[in-house]
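Listed here are the chains, written in short residue letters.
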Amino acid sequence: MPTVGASSTGSDPVILATAGYDHTIRFWQAHSGICHRTLQHPDSQVNCLQITPDRQLLAAAGYQHIRMYDLNTNNPNPVVNYDGVSKNVTAVGFHEDGKWMFTGGEDSSARIWDLRSRNLQCQRIFQVSAPVNCVCLHPNQGELFVGDQSGAIHIWDLKTDHNEQLIPEPDSSIQHISIDPEASLLAAINNKGNCYIWTLSRTKTERLSQLHPKTKIPAHKKYGLKCKFSPDCTLLATTSADQTVNIWRTADFSLKTTLTDSTQRWVWDCAFSGDSHYLVTASSDNKARLWSVEQAEIKREYSGHQKAVTALAFHDGITA
């Protein structure tokens, strides 16, 4: 079987990793469904996965830590360990040049970690009043959008430290935030299944990006989990505890299709392919799936986890 190094730097540029509650991280051949590498993650469940921009490392966020694994060798151990967080780390991502990492967590904070520093402590902390479920970096690389369990969306300007917040729906929890690649739309889904859409703008005189309410989608009747824009900006995927993924057209936010399967349970995570034609999902039924968005059909299943799959990372080397 090929090593992941061959997969990520050779003829097949696809990286597909999944993880969850069975304390393993699995790497898959996306086209065949074959698992070609398994890493042990014994300390805790994995809450989220993210590939570094240079595609050299995979970050796995769990309880009280972030572990970085080498994508291009068969080293089974993390090559970097970030500790010192008191509770679950629920979000992780990177500056586009790989200068720093951002995280969010149940300790009610968002954090910035300098990846070029040998000091593995976080450099900056943005404290909020409720556990953080999600953090999204604006494509301008200068603002973090932080969603918390009190229903607030915080906008943190990394240059000035200025911040503002809004609460789209009282008595709800912001589960996930997504900004489209053109930085024209922001979506946020909550635990009531509602997905709020804003247009984004910022003038030279404004200190922060401005959010202008556009629409509210009753996306799911149960708990919302993720919302993700497609790379070509034409689609928005929402996932839910109702065991489905809904695909919405961003032109008018009408429902394009629903991705559902009789054995699928909660859909915890999803990621579009670079050409926006496919979607990978992670579910509580211990499987990940590759879907054709246009046909609303499963093209491949990834079976091997022993418990719920709650996180995935996907990079196929294709740009829209």
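Everything here concerns the structure above.
Procedures and definitions
Residues numbered from 1 in each chain as written. Predicted model: local features only at pLDDT ≥ 70, side-chain atom pairs only at ≥ 80, totals over all residues. Heavy atoms only, no water. Salt bridge = Lys/Arg side-chain N within 4 Å of Asp/Glu carboxyl O. Helix = DSSP H or I, 4+ residues; strand = E, 2+ residues; numbered from the N terminus. Buried < 20%, exposed > 50% of the residue type's maximum accessible area, 1.4 Å probe, protein only. Phe/Tyr/Trp six-rings, centres within 6.5 Å; stacked < 30°, edge-to-face > 60°. 1 Å grid on protein atoms, 1.4 Å probe; cavity = no way out; pocket = protein on both sides within 12 Å on 5 of 7 lines; lining within 4 Å. Points joined across faces, edges and corners; volume = space filled by probe spheres on them. Nonpolar A, V, L, I, M, F, W, Y, C, P; charged D, E, K, R; others polar. Contact = heavy atoms within 4.5 Å. Polar contact = N/O pair within 3.5 Å; in protein donor to acceptor, adjacent residues only side chain to side chain.

## Side note on the pattern of salt bridges
Evaluation of the coordinates by the stated rule reveals 15 salt bridges. Here lysine 228 and aspartate 269 are joined by a salt bridge, their closest N and O atoms 3.2 Å apart. Highlighted residues: lysine 228 in strand β20 (residues 224-229) and aspartate 269 in strand β24 (residues 267-272), separated in sequence by 41 residues. Using a relative accessible area of 5% as the deciding quantity, one classes aspartate 269 as buried. With a closest N to O distance of 2.6 Å, arginine 289 and aspartate 285 form a salt bridge. For the pair formed by arginine 289 and aspartate 285, the shared burial category is buried.

## Quick look at the packing of aromatic side chains
Applying the stated criterion across every chain yields a total of six aromatic pairs. With a centroid separation of 5.4 Å and 70° between ring planes, the pair formed by tyrosine 82 and tryptophan 113 is classed as edge-to-face. With a gap of 31 residues between them, tyrosine 82 in strand β7 (residues 80-82) and tryptophan 113 in strand β10 (residues 109-114) connect regions that are remote in the sequence. Both residues of the pair, tyrosine 82 and tryptophan 113, count as buried.

## Quick look at the layout of surface pockets
The volume enclosed by the second largest pocket comes to roughly 160 Å³. Lining the second largest pocket are 13 residues, and of these Thr52, Leu57, Met68, Gly98 and Leu115 lie nearest its centre. Of the residues in the lining of the second largest pocket, the class split is eight nonpolar, three polar and two charged.

## Observations regarding the environment of asparagine 140
Relative to the helices and strands, asparagine 140 is located in the loop between β12 (132-137) and β13 (143-148). Residues asparagine 140 and isoleucine 66 lie 74 residues apart in sequence; the distance between their C-alpha atoms is 25 Å. Residues in contact with asparagine 140, not counting those within four places in the same chain, are Arg202 and Ser209. Reaching out from asparagine 140, the side chain makes a polar contact with the backbone nitrogen of glycine 142 at a distance of 2.7 Å. A distance of 3.4 Å separates a polar side-chain atom of asparagine 140 from the backbone nitrogen of glutamate 143.

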